[in-house]
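Residue-level structural notes
What follows is each chain in one-letter form.
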Amino acid sequence: MKSAACRPTLLVSAIATAVFVWTALLLFSPGSKGTAAVASNVGLIVAAAVGASACYMRSRRGGPQRRSWLLLGSGALSWGLGACAWTAYETLGRQAPIPSWADVGYLGAVPLLAAGLLTLPGTPVRWPARVRLLLDGALIAAALLAISWVLVLGPLINNGKDGLVQVFALAYPLGDIVCGSLAVVSLARAPHQAQVPLRTLLLVCLGLLSFSVGDTGFALLTLRDTYQSGQLIGLGWCGGWALLAVAALQPSGAPSEPSGENLRHRAWMSTSAPYVPLLAMVGILGVWRSTHGALGRIVVLDLLLMLLLVVVRHVLTQRENDQLTSSLEARVLDRTEALSGWEQWWKALVQNSTDIVTVVRADGTVRYQTPSVQSVFGYDAQDLLETDIADVFLEPDRHRLRQCLAAAALAPGEPLTFSGGVRHADGSDCATESTVMSLLHEDAVQGLVINTRDISERMQLESELNHRAFHDELSGLANRALFRDRLIHALNQRDRVGLAIGVLFIDLDRFKEVNDTLGHAYGDELLVVIARRLTELVRPGDSVARLGGDEFAVLLEHLTTPDEAQFVADRLVEVIAQPVHVREVDVRVRASIGITIAEIDDAELADLDAPDSADVMLRNGDIAMYRAKSAGGGACEWYRPELHTALLRRVEIEKQLRNALTDDELSLVYQPTASVATGIFTGVEALVRWDSRVLGKVLPNEFIPVAEDTGLIIDLGAWVLHHACVQAAVWLRNGVRADFTLAVNVSGLQLLSSGMVDTVRSALTLSGLPAENLLLEMTESVLLERTDQTLARLHELKRLGIRLAIDDFGTGYSSLSYLSRFPVDVLKVDRSFIAQLQQESSNERELTRTIIQLGGSLAMLTVAEGVETPEQLASLRALGCDLAQGYLFSEPRPPDEIEPMLARADDAPAAALPSAAALPPAALPPAAHPT
């Protein structure tokens, strides 16, 4: 790459050396004139050949200049061929005739060289500049014509030679005028030929001017009959071709934007180039006038023509200047109007902007204040001038503002932010945010610019949003996120303080019934009252939060003993159970509370960080609360590790229960129902049992709640209903009494499911069991959920011909007010009432009597559940109860054991069967959860 870059330089050096040696040979020719002539002719041929070769090499690089270099090279080649012909004539000892082949070569170079100059690439110019350029060309040509006339053309015309010879003789100086004029014009066009390097353009034009000088000298010497080969006039031709070759060897490369210095050189060349031939003309004509007298008519006419061209050019220039002046004035006017509009716009913007712009000196003195300060802070802008800007800020922020101004002054152009309070003119405080930038170095400003904005509303909104993000909107208590954050903070401080902390997880029992019966507005007001009671009851420093729905939590800090947490929990249970007066209605709810403690040496939390410990405590409190609710509610329960184990078992039960139906792990047992008066079995209740391959025997009170919580109770209930109906139909075909009753429990999810009626219809149809033999049992709490929808569903079931029963009657909320609305056939008295029948002072006996009488008055059968002693049976008989069910008659048994009991029901009353009273208490099986 380095050698390639050096090659043009070496060639240029070689050309310059060759020209120098050739010139020396001409000056100091050691031999005869014939030797000098031969050296001159050979040198000129070689120079033309070198110029043509260099141009052709340049054209091979391609680009927009390729055609121009081909034409210039062709011109050099044509002249070289003419020189070859001239040399051939002299070698033969003959004088070249006029015209000759040498003239053809010499004169043929002129149009080719002119075309090469004209085709040099340039940017388009507008017509005024194009006309001016043509006038400049005409002036240059006229000047060269005047020079050539007095030196060559005039004498040639007056020498009286024959016509053809004279024509060819005149062609040389005329061609020189054309080439010279085009060369000067090309230099004048330099600013418009940015694609051609300035050095290249200058070398090409100087080469053609040198060629023209050589031709002019040749014409003068020929006119005087003194020309011969080997004279120094040949240096013009040789130098012209050498300069052309050097120009062609200049590096081309991709055109780039001209530098400022390059543009100045081109502008100077464009301005000064036309004056060179004019100055030359003035000098030559002055010398000619002093030596030869009058200039002649032709020269005078040429000068008049030049004067006319100058006038025309001046008129065009003046007109162009006038147009340019008008255009500039119009642009200035438009710009002035635009600036005026911008000034008005900016003034209106600044005056009405909520941002306040203040310019202060380095010491804080106000130099300029926008009028918007009055609308924002109530101050008059003029009153603030030449005062200390810090005076309008609150006292705690003034020192910080001065520090900010000092820091901004040391960092010009770099914005600094500052937040502080500003005292409003009316005495109120405003939160602000400012940006300070130093423009002390700017002559137009010379100050510190402070942009201030009132952010009081934004700060208030952020505060409200922050409060909403961490507080419950209904009760105003902390929400789960804030409670967890406080719990994490308390856990972090636990070891330092050396005291335990506790969490009470609170859930309101049967709160959903309040919403369903009274409405959500009552429920919301109830939650507000409960939240207020919690806040009033806890110790100062403790935190109360509403976690969502009817769930609350209390964070107890600095506990010295766990008994403190138990005391607070007991008080909360007592206070929450007190009636709440909501819109003329007394509402009662109870609370289930889970208690968990984080002591100093808590092993469960020892390896956990504070966030994980907080999550574990919340989980433990939830587990304990669920345990309290499962035990009946209205009480407290401490978290114990075995509760977590029970929860894990519950999760495993849910997992295995999903496969129990498909894996044939479920079975049915039946507990008979007997007449209280006669002891005859009148029906059975179907109960489901689960013997899991993984978990073993799972009690109904374990898996039934899981099925209800997960929605599996719908599929489980359909399975129980279908298999129970099939079994009952088999017993009927085997001869049991026709009024035999099959009781099947139905959950709330089943009752409200869209396919409940179809499921019952399908079970009756597929099994063949008559509808009047089927009794569907449901708890009264189920009947209170979505009352209208439930009532509609019960009427649909009744239209199938089945019977309906309310299970566990007497334990629900306001059940008596709904009893007359539902199409119920049977009331089942809860076992809790039956267990208290033998207590003399028990209210349950009177409640049981009332329920039995109520059922009789509404034409409903009454069934007592959980009858275990003959004394209980006797009491029920005395109260007028219709049917009874319990271990006194039989424990739940598989179908093959129940059928013989039903077959002999007409012959052996239930009272004659072995009674539960005869069994020791330990032999009695646990009460089965109905399904």
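Conventions and cut-offs
Residues numbered from 1 in each chain as written. Predicted model: local features only at pLDDT ≥ 70, side-chain atom pairs only at ≥ 80, totals over all residues. Heavy atoms only, no water. Helix = DSSP H or I, 4+ residues; strand = E, 2+ residues; numbered from the N terminus. Contact = heavy atoms within 4.5 Å. Areas by Shrake-Rupley, 256 points an atom, 1.4 Å probe, with all protein chains shown as cover. Pairing = 2+ DSSP bridges. Axes fitted to C-alpha atoms, helices over the stretch in contact; angles between N-to-C directions. Buried < 20%, exposed > 50% of the residue type's maximum accessible area, 1.4 Å probe, protein only. pLDDT = per-residue confidence, 0-100. Core = buried A, V, L, I, M, F, W, Y, C linked by side-chain atoms within 4.5 Å. Left-handed = near helix turned anticlockwise from the far one by under 90°. Nonpolar A, V, L, I, M, F, W, Y, C, P; charged D, E, K, R; others polar.

Counting its secondary structure elements, the protein contains 32 helices and 21 strands. Intrachain contacts of the protein at a sequence separation of at least 6 include 68% that bridge at least 24 residues. Carbon together with sulfur atoms contributes 58% to the accessible area of the protein, which is approximately 46800 Å² in total.

Overall, antiparallel pairing links the five strands, which are arranged β2-β1-β5-β4-β3 in an open sheet. Sheet topology places β2 (366–369) and β3 (416–423) at the edges, where each strand pairs with a single neighbour. Averaged over all pairs of adjacent strands, the angle between strand axes in this sheet comes to 30 degrees, irrespective of strand direction. Taken together, the eight bridges between strand β4 (residues 429–439) and strand β5 (residues 447–454) define a ladder with antiparallel strand orientation. Within β5, the residue paired with S438 across the bridge is L448. Sitting on the sheet, helix α14 (residues 395–409) is in contact with β1 (355–360), β3, β4 and β5, with an inclination near 150 degrees to β3.

Burial analysis of strand β16 (residues 741–745) places five of its five residues in the buried class, the great majority of the element. Side chains T741, A743 and N745 project from β16 onto one buried face, and the interleaved L742 and V744 project onto a second face that is buried too. Relative to β16, strand β14 (residues 681–692) runs parallel, the two sharing three bridges. Bridging from a neighbouring strand, E685 pairs with A743 of β16. In the sheet, β16 pairs with strand β17 (residues 774–779) via four bridges, with the strands oriented parallel. Looking across to β17, one finds that A743 is bridged to L775.

Our next topic: unusual backbone geometry. Despite not being glycine, R510 has its phi angle at roughly 55 degrees, a positive value. Tracing the backbone shows R510 in the loop between β6 (500–509) and α17 (511–518). Although it is not a glycine, H558 sits at a positive phi angle of roughly 60 degrees. Looking at the secondary structure, you find H558 in strand β8 (residues 551–559). Overall, H558 belongs to the partly exposed group, its relative accessible area being 44%.

When pLDDT is low, close inspection of the predicted coordinates is not appropriate. This prediction gives the protein a mean pLDDT of 79; 81% of its residues lie at or above 70. Long-range and interchain partners of residues 1–5, a stretch whose pLDDT sits below 50, account for zero contacts in this model, where long-range means more than four residues apart. Scored below 50 in pLDDT, residues 910–931 makes 44 contacts in the model with residues more than four places away or belonging to other chains.

This brings us to the nonpolar core. By size, the foremost hydrophobic cluster in this structure holds 77 residues, and its most contacted members are L742, L774 and L776. With 11 residues, the top contributor of residues to this core is helix α23 (residues 713–733). The residues contacting L776, other than those within four sequence positions of it, are L721, V744, V746, M756, V760, L797, I802, R803, L804 and A805. Within the second largest apolar cluster, 44 residues are counted, among which are W22, W69, L203 and C238.

Here the focus is the packing of helix α16 (residues 480–497) against helix α20 (residues 610–630). Packing of α16 against α20 leaves a shortest axis separation of 9 Å and a crossing angle of 115 degrees. For the pair α16 and α20, the sense of crossing is right-handed. Residues F483, R484, L487, I488, L491 and N492 of α16 lie in contact with α20, whose contacting residues are A610, P611, S613, A614, D615, M617 and L618. Residue composition of the contact of α16 with α20, by class: nine nonpolar, two polar and two charged.

Tracing the sequence through the fold places V568 in helix α19 (residues 562–576). Given the relative accessible area of 10%, V568 is considered buried. On a C-alpha basis, the gap between V568 and V538 in space is 7.1 Å, while along the polypeptide they are 30 residues apart. Sequence-distant contacts of V568, defined by excluding residues within four places in its chain, comprise L504, L537 and L556.

The subject of this paragraph is the sheet that holds β8. Spatial ordering of the open sheet is given by β7-β8-β6-β11-β12, a layout of five strands whose pairing is mixed. In the strand order of this sheet, the two ends are held by β7 (543–548) and β12 (636–638), each with one partner. Each adjacent strand pair in this sheet contributes to an overall mean axis angle of 20 degrees, direction not counted.

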